[in-house]
Amino acid sequence: MKRAGQIRRMPEGGREGLRGSGKVRPEDRKGLVSAPESQRAFRAFREWLLARIDAAASLPPPHRFARPQEFVDGGRIVARVGGLTEAVEWLCRLARPLDGSRNRASLPAHPPPRLFCRERISSERIIGAFLKKWERDQPAPALESFGSYHFPGGWHNRLVLGDSLLVLESLLFRENRRGEIQAIYFDPPYGVNFPSYFEPFARRRSGEEEDEFERVKAYRDSWEFGLSSYLTHLRERLLLCRELLNQTGSLFLQIGEENLHHVRTLLDEVFGEKNFIRLISFRKTSVLPGKLLRGVSDYLLWYAKERERIKYRALYQRKRPGTEGATNYRWVELEPESCRKLSSAELADPGLLPPGARIFALGDLRSAGASKRGSFAFSFRGQIFRPYANSHWKTTRKGMERLARMGRLVVTGQTLMYKRYLSDFPVVGLTNHWADARPSFQRNRRYVVETVERVVERCLLMTTDPGDLVLDPTCGSGTTAAVAERWGRRWICMDAACVPLALTRLRLLTAVFPDYFLRDPDQGPAGGFLYERKQSGKGEEAGGIVPHVTLESIAKELPPEEEVLVDCPEKGNGRLRLSGLFSVEGLLPTSAEDEESFEEDPSFAERMWEVLHLFPVFEASGRKRIELQKLRRPDSPCLLGAEAEVAGRRVGIAFGPKSGPIGGGLARQVVQEAESMGYQDLSMSWGLESTPLVSIACAGNNKPAFDSIMSRRASICSWSPCSKRRAPARSFA
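Residues numbered from 1 in each chain as written. Predicted model: local features only at pLDDT ≥ 70, side-chain atom pairs only at ≥ 80, totals over all residues. Heavy atoms only, no water.

**Digging into the overall build of the chain**
So, point 1. When helices and strands are counted, the chain shows 17 helices and 41 strands.
So, point 2. Look at the contacts in the chain between residues 6 or more apart in sequence, and 68% of them connect residues 24 or more apart.
So, point 3. Summing over all exposed atoms, the chain offers an accessible surface of approximately 37,600 Å²; the carbon and sulfur share of this is 50%. (Helix = DSSP H or I, 4+ residues; strand = E, 2+ residues; numbered from the N terminus. Contact = heavy atoms within 4.5 Å. Areas by Shrake-Rupley, 256 points an atom, 1.4 Å probe, with all protein chains shown as cover.)

Below, the structure written as structure tokens:
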């Protein structure tokens, strides 16, 4: 067996490393993956795992190595094994097929792209900088009155622009984040060809003429090959989500009734039928009129990575007499010996009751099944009571006597019952029908299909703790990010379109959250929130800890159990909490060679030219329109797709790639070509599927310096013919 630190060369270039000691080069760590690429290396990896299993099995329990063992293939760390359990899990993972052609642990068809950081945003720093410039004649708020949560290890939350499939592959295979995600909230398109256009301009006044080309397509919900392509789209992403989930993690997938049955079958395949937890229903954001019975519900499919190990925190609602979970609380005790039923007015508004009144329900003292020990006769107020046939008392004779002394017993007809006060347990457990989770009005929505915040909130509170990592593959308006910020969870959100990320960015920058007390301020939210038991002036439970008085605790004189309401931590005083540090990221090209050897797609370039000819208008900053005149093709084939004149100045126009970002290599080539051809101005445009990374606006007769262009903020004049709209100008660092 090879010793730690040795590397054996493989005949076909693969290599096996058993590096239990020594440092890994930085370039190796950047290329963290989860499987060897060649078949020879794959077999070597399997043999290495078997050897690790034998070595770990010979160690004393818990069969852990002194140092983690690493397998290296082609200079990249494939796997890191700390003991017997991890080695067996890796071997099982290799045996499970991902689809018909690949293994679950194998790399995608192409190397996963890298994620690059466009900007890091701190609301706390922005406010601090603003307060430093506050006018002297106005009293400025103290800097201590603002703040945000911080996490150990310098963690910052992440907002990623890019196809969710590529981003998930990058997180899994390149960043090696397998098993780090605690909860995933997945709200994909419902697959119903919904017309997902909406008006993004908040300053539009009612009555203004609407320009159809300024309507933005929020997301794509049409599928070339119908249902099969829709389910394939979901399956590819769900397989990656499953690998990213922690063993105790959960996935929530929001879907409509049209494809609910198809998606549940798909989830059964990916996660396993045994890992299905619950189907949750809530009121949908919009209800379409129709001749038949109207559907008013959307659904959440809740699946666990492993049902036996799932992390679950029970959620509760305050009991209100006459409502769900408290329908039996129809009696009131005005004095120890004076009880009556609640009136309709009192049931609707318990505040009408006099001080000291206690609402209660009648509880049965009998349990099914005959028992000699519990079938005794009991005397109360001159009457003898016995349990019915094939039943027995729930407590002993001594327990019954204690209930009588405490005034808990009451006679209704010929039956002896006991009083269950509303204050014994003032909350009721949440069910899978969330009737109170209602959508906001249309005018209050930021996005065409904005998820109800309470729905996401409950999902995260049930399955995560403060400091856990949450993932949202379809960011939308940023509801998941906002909820995670509110409750001290770390988050990674992504979306393929610029508009949702712009909305999320604005939402986080302008959001204000409650400031909760932390158990360990040095650990931040990861140390947990502080919960206390306290009562209001009326004696009602008002804190995050409530008593749970049961019949057994009363009869046996035991202290009541306590339940923690995870959504009611103690709030701080005075400080205004802002969003924490987060980064805006994007996808880089898969390799520098792909970027430098850019070749224009003739069909795409032709389509860009045709639509540009029909709509020769750019939109710059401040919504200023730039109209192109004398639009024509270049005299000779080149990277520039068109040329025109603007206010008598010669302008060159370059079309970016059909998909992927406009990288530095392409920008450098275009700048050099524009300079050699003597253009006075240069603009780069991109299609709907591509992502702007670099945009160049070279004005004047001076020679453009590429380095200075790349180092300063560049204004982007964007024009997207694929959607036949003019996109607003954007700035990137």
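**Focus: helix α10 (residues 453–463)**
So, point 1. Counting buried positions along α10 gives nine out of eleven residues, so the element sits mostly inside the fold.
So, point 2. If you check which residues of α10 are buried, you get Val 455, Val 456, Glu 457, Arg 458, Cys 459, Leu 460, Leu 461, Met 462 and Thr 463. (Buried < 20%, exposed > 50% of the residue type's maximum accessible area, 1.4 Å probe, protein only.)

**Some points on the side chain of Thr 463**
So, point 1. If you trace the backbone, Thr 463 turns up in helix α10.
So, point 2. Note on Thr 463: relative accessible area 0%, which makes it buried.
So, point 3. If we ignore the near neighbours within four places in the chain, the residues touching Thr 463 are Gln 182, Ala 183, Ser 250, Phe 252, Trp 302 and Lys 311.

**Observations concerning unusual backbone geometry**
When glycine is set aside, most residues are seen to have a negative phi, and most peptide bonds are trans.
So, point 1. Note that the residue after Pro 61, namely Pro 62, is joined by a cis bond; omega there is 10°.
So, point 2. As for its placement among the helices and strands, Pro 62 is situated in the loop between α2 (39–57) and β3 (64–73).
So, point 3. Although it is not a glycine, His 63 sits at a positive phi angle of roughly 60°.
So, point 4. Unlike most non-glycine residues, Asn 390 shows phi in positive territory, near 60°.
So, point 5. One can find Asn 390 in the loop between β20 (383–385) and β21 (391–393).

**A closer look at the packing of aromatic side chains**
So, point 1. Enumeration according to the criterion identifies 15 aromatic pairs in this entry.
So, point 2. Of the aromatic side chains, those joined through ring pairs into one cluster are Tyr 149, Trp 487, Tyr 516 and Phe 529.
So, point 3. Sitting over the ring of Phe 360, Lys 419 keeps its end group 5.5 Å from the ring centre.
So, point 4. The residue whose ring lies beneath Arg 490 is Trp 155, and the NZ or CZ to ring-centre distance is 4.9 Å. (Phe/Tyr/Trp six-rings, centres within 6.5 Å; stacked < 30°, edge-to-face > 60°. Lys NZ or Arg CZ within 6 Å of the ring centre and 35° of its normal.)

**Some thoughts on empty space enclosed by the protein**
One simple way to see leftover space: roll a probe sized like a water molecule over the atoms.
So, point 1. For the structure on display, the rule yields two cavities of 30 Å³ or more.
So, point 2. In terms of lining residues, the second largest cavity is bounded by Tyr 149, Phe 151, Asn 157, Ala 484, Glu 485, Gly 488, Arg 489 and Arg 577.
So, point 3. Looking at the lining of the second largest cavity, its residues break down into three nonpolar, two polar and three charged. (1 Å grid on protein atoms, 1.4 Å probe; cavity = no way out; pocket = protein on both sides within 12 Å on 5 of 7 lines; lining within 4 Å. Points joined across faces, edges and corners; volume = space filled by probe spheres on them. Nonpolar A, V, L, I, M, F, W, Y, C, P; charged D, E, K, R; others polar.)

**So, the sheet that holds strand β13 (residues 297–304)**
So, point 1. Strand order in the open sheet made by the ten strands is β5-β31-β7-β27-β26-β8-β11-β13-β12-β25, with mixed pairing throughout. Here the strands that pair on one side only, and so sit at the sheet edges, are β5 (115–121) and β25 (433–434).
So, point 2. Of the pairings in the sheet, the one linking strand β26 (residues 469–472) to strand β27 (residues 490–495) comprises four bridges and is parallel in character. Pairing of Leu 471 across the sheet is with Ile 492, part of β27.
So, point 3. Along the sheet, helix α5 (residues 164–174) makes contact with β5, β7 (157–161), β26, β27 and β31 (582–587), crossing β27 at roughly 140°.
So, point 4. The strands touched by helix α12 (residues 498–509) within the sheet are β5, β7, β27 and β31, with β7 carrying the most contacts at an inclination of about 155°. (Pairing = 2+ DSSP bridges. Axes fitted to C-alpha atoms, helices over the stretch in contact; angles between N-to-C directions.)

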